[in-house]
Every structure is written in structure tokens, then in C-alpha cells.
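Working through the structure, step by step
These are the residues of each chain, in order.
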Amino acid sequence: MRRLLACLCLAYAAALAAASDKPVNAGPYVPSPQSVVADMLKLADVGPGDFVIDLGSGDGRIVLTAAKVFGARGFGVEIQDNLVKLSNEAAQREGLADRVRFITQDLFKTDISQATVLTMYLLPNTVNMLKDKLLAELRPGTRILSHDYPLAGWIPEQYVQMDLEDKVAISGVTTTLIYLYVVPARVAGSWHAKVPASVAKGAVRLDLKQQLTRVSGSARVGGREMLLEDVRLKGEQLSFRLPGRGGRFSGTVRGQAIEGMVEAGGVKSPWSASLR
Ligand SMILES: C[S@@+](CC[C@H](N)C(=O)[O-])C[C@H]1O[C@@H](n2cnc3c(N)ncnc32)[C@H](O)[C@@H]1O
């Protein structure tokens, strides 16, 4: 009950701040336990090729750990100056200042397009206020990690639940959740597909409908309409099957083009599609 009341008060404060021009308070300073930080970064398989952005970076522990333990680069944004100062001092001390930095900035106004991994431990309502920004600015394939609170209506790629004594002081319960999302490519629309003659004679039209990661659709092959089966979209990777012996398609979506392979009758051949 206390937790619910606190959330309601903060949501009310967030609405008031949004109405004025002040930065929305996306959550109080409560650091993620270090074991959760490690679990988050492992769940997203963070590595040296990654650029990690933490929204509301607190003492900087997520970005610092991503650099120190997993070899990544990145930055954190935080509205409390003193925390930004502490984080930059820690980066200097640990010899990480060439790979990470911390800036005093409103997370809602931060350009996040550079991220390959985005992390947040924010209030449930603010996590959801960020959903449109995440979808508009992050590239397909970017991993999003949210500590404790889900993005409504978006099926996570994975989530883990654990019990941690450390969390009792923070949220009153031991339950800890980590949600991993992958930003989906935009595939909705009508596509003109070129497929091998062994799969279909002539051109194929694919009509795809999309709601975040959920995709359904049909294929028009030689005047016949058929529903696509087992359609999956993970980041830029799209796959589906045509009914019967029509073949298993997989491909990479890049803007208005898809390129990949289709497997039919034990033979793999290339296929491609362009948005009509
Ligand atoms: C729950 S703490 C999380 C700290 C860190 N990410 C971690 O997991 O250890 C949330 C942080 O977000 C910061 N914050 C809240 N609203 C913000 C805003 N509009 N812009 C930037 N930072 C914000 C708070 O000051 C706080 O340090």
C-alpha cells in the first residue's frame, strides 16, 4: 500500500512537472543492487561492440560496469549534478574516462540514437512515457533493459525474476524483475518479393501487419492468397513459413528492403523484397 501511494504521489508530481517546463522526475535516486546490474548486462549479452546509455544514471554504476567488466562504451544522463560529478570521478579513477561519460541532462530530452543497449530503472509510469521515444529514436535490434517495470503492451524478448534481500529496503519486497526488449524493424506494409522459381512462379506480394514485435500477414502467390505461418520478428530478423511445402523464409530488414534465404525441399536459395 505504501509503495502504491508513493507511486501515485510521484506520478502526480510527474504530471505537474510535465505541465510546467521542469524536467519530469522519472524516479528517486535508488541504485540498482550491483548483482542486478551484472545480471542486466549479461541478459543483453553486452560486449566491446556495444554503446550503453543509462537513462537516470544515478552513481553511474550501470555504464561503469558495462565498460569495466564487459568492455563497452557509453554514457549516462542524470538530473542530479552531484551524482554526475561522482560518476565522472569514478570513471577517471577506474581509467574508463576515454570510454564513458556522464552528463547532467533531462533524460526525456536526450538523444539516445547512438545506443545499442539502453538501460533504465525508473518509475513504472515514466518507463511507459518513454515508449514512443524509444521506438522513434532507437535503431532496430537495440536491446532495452528495464529493471522492475515493463513497457506496457510490448512482449519482452526475455525476462528474469529473482528474489533479492537488498530490494526489501528499496521496494518493500524481495521480488526483482529484469525485462529485455529488442527494438523491432518496421515491416508493416505491402512488399514485392522475388523468390526462386522452385518456390513460386512469378512475383509474390507480401502484406504484413505489425504491432510492435507481433507480425502477421499473407502472401499472394500466382493469384492465390495464403496466410503466413510462424511469423517472427526479432530486431531486423524476420522469418515466416508459407503453408504446405512453400518454404521457410528468413531475412534481414534494412529500411525498405529485405534480403535473406528461403529453404524449400532441403535446398536453400536467396530471396529479397522491397516495400511497394
Ligand atoms: C532509480 S534511480 C536509478 C539509478 C541507476 N540507473 C541504477 O539503476 O542504479 C533513477 C535516477 O533517475 C534520475 N532521474 C529522475 N528523473 C530524471 C530526468 N528527468 N532526467 C535525468 N535523470 C533523472 C534520478 O535522479 C535517479 O538518480
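These numbers come from a predicted model, not from an experiment. (Residues numbered from 1 in each chain as written. Predicted model: local features only at pLDDT ≥ 70, side-chain atom pairs only at ≥ 80, totals over all residues. Heavy atoms only, no water.)

A look at the environment of Ser269
Convention followed: Strands are runs of DSSP state E lasting at least two residues, helices are runs of H or I lasting at least four, and both sets are numbered from the N terminus onward. The contact rule is simple, with two residues in contact once any of their heavy atoms fall within 4.5 Å.
Within the secondary structure, Ser269 is located in strand β16 (residues 267-275). With 20 residues separating them along the chain, Ser269 and Phe249 place their C-alpha atoms 9.7 Å apart. The residues contacting Ser269, other than those within four sequence positions of it, are Pro196, Gly260, Met261 and Val262.

Here we look at the pattern of salt bridges
Note the threshold: What makes a salt bridge here is a side-chain nitrogen of Lys or Arg within 4 Å of a carboxyl oxygen of Asp or Glu, nothing more. Each residue is assigned to one of three classes by its accessible area relative to the maximum for its type, calculated with a 1.4 Å probe on protein chains only: buried under 20%, partly exposed between the two thresholds, exposed over 50%.
Considering all chains together, one arrives at 12 salt bridges under this definition. Here Lys85 makes a salt bridge to Glu89, at a shortest N to O gap of 3.1 Å. With Lys85 and Glu89 both in helix α4 (residues 81-93) and four residues apart, the pair spans about one turn of that helix. Given a relative accessible area of 54%, Lys85 falls into the exposed group.

Considerations on unusual backbone geometry
For Asp148, which is not glycine, the phi dihedral falls at a positive 80°. In this structure, Asp148 sits in the loop between β5 (143-147) and β6 (158-163). With relative accessibility at 8%, the residue Asp148 sits in the buried group. Phi at Asp230 is positive, roughly 50°, even though this residue is not glycine. Here Asp230 lies in strand β12 (residues 229-234).

Overview of the environment of Tyr121
Examined against the element boundaries, Tyr121 turns out to sit in the loop between β4 (117-120) and α5 (124-129). Distance in space between the C-alpha atoms of Tyr121 and Leu145 is 8.6 Å, their sequence separation being 24 residues. Those residues within four positions of Tyr121 in sequence are excluded, and the remaining contacts are Val30, Pro31, Ser32, His147, Asp148, Lys167 and Ile170.

Some words on the domain arrangement of the protein chain
Our working rule: Where each domain starts and ends follows an automatic or database-derived domain assignment. Accessible area that two parts lose when put together, with a 1.4 Å probe and added across both, is what the buried area reports. Polar contacts here mean pairs of N or O atoms no more than 3.5 Å apart (in protein, one a potential hydrogen donor and the other a potential acceptor; neighbouring residues in sequence count only if both atoms are side-chain atoms).
Assigned domains of the protein chain: these are domain 1 (2-182) and domain 2 (189-275). Taken over C-alpha atoms, the centre of domain 1 sits 36 Å from the centre of domain 2. Each partner contributes residues to the interface: domain 1 has eight residues there, and domain 2 has six residues. Both faces considered, domain 1 and domain 2 share a buried interface measuring about 670 Å² in area, 67% of it formed by carbon and sulfur atoms. Counting across the interface, domain 1 meets domain 2 through zero residue pairs in polar contact (both at pLDDT 80 or more).

A short note on helix α3 (residues 61-68)
Among the eight residues of α3, six are classified as buried, and the element is accordingly described as predominantly covered. Those residues of α3 lying buried are Ile62, Val63, Leu64, Thr65, Ala66 and Ala67. Summarising the contacts, the buried residues of α3 are in contact with α2 (34-43), β1 (51-55), β2 (73-78), α4, β3 (100-104) and β4.

Some details on the sheet that holds strand β14 (residues 247-254)
What counts, and what does not: At least two DSSP bridges between two strands are needed for those strands to be called paired. Throughout, an axis means a line fitted to C-alpha atoms (over the contacting stretch in the case of helices), and angles, computed between N-to-C directions, take values from 0 to 180 degrees.
One open sheet accounts for nine strands, arranged β11-β10-β9-β8-β16-β15-β14-β13-β12; its pairing is antiparallel. Because the sheet does not close on itself, it has two edges, and the strands there are β11 (224-227) and β12. Direction aside, neighbouring strands of the sheet carry axes that sit 25° apart on average.

Considerations on the nonpolar core
Using the following cut-off: In this description, a nonpolar core means a group of buried Ala, Val, Leu, Ile, Met, Phe, Trp, Tyr and Cys residues linked to one another through side-chain atoms lying within 4.5 Å.
Within the largest apolar cluster, 27 residues are counted, with the highest numbers of intra-cluster contacts made by Leu206 and Trp271. The set of elements that each furnish at least two residues to this core consists of β8 (189-194), β9 (204-211), β10 (214-221), β12, β13 (237-242), β14, β15 (257-264) and β16. Residues within four places of Leu206 in sequence aside, it is in contact with Gly189, Ser190, Trp191, Ala193, Ser218, Ala219, Leu228, Phe240 and Trp271. Phe51, Leu107, Tyr149 and Tyr181 belong to the second-largest nonpolar core, a separate cluster that totals 25 residues.

Let's talk about the pairing of β11
Direction of pairing for β10 relative to β11: antiparallel, over a ladder of four bridges. Counterpart to Ala219 in the pairing with β11 is Met226. Count of turn residues in the β10/β11 antiparallel hairpin: two residues, of which Gly222 carries a positive phi of about 50°.

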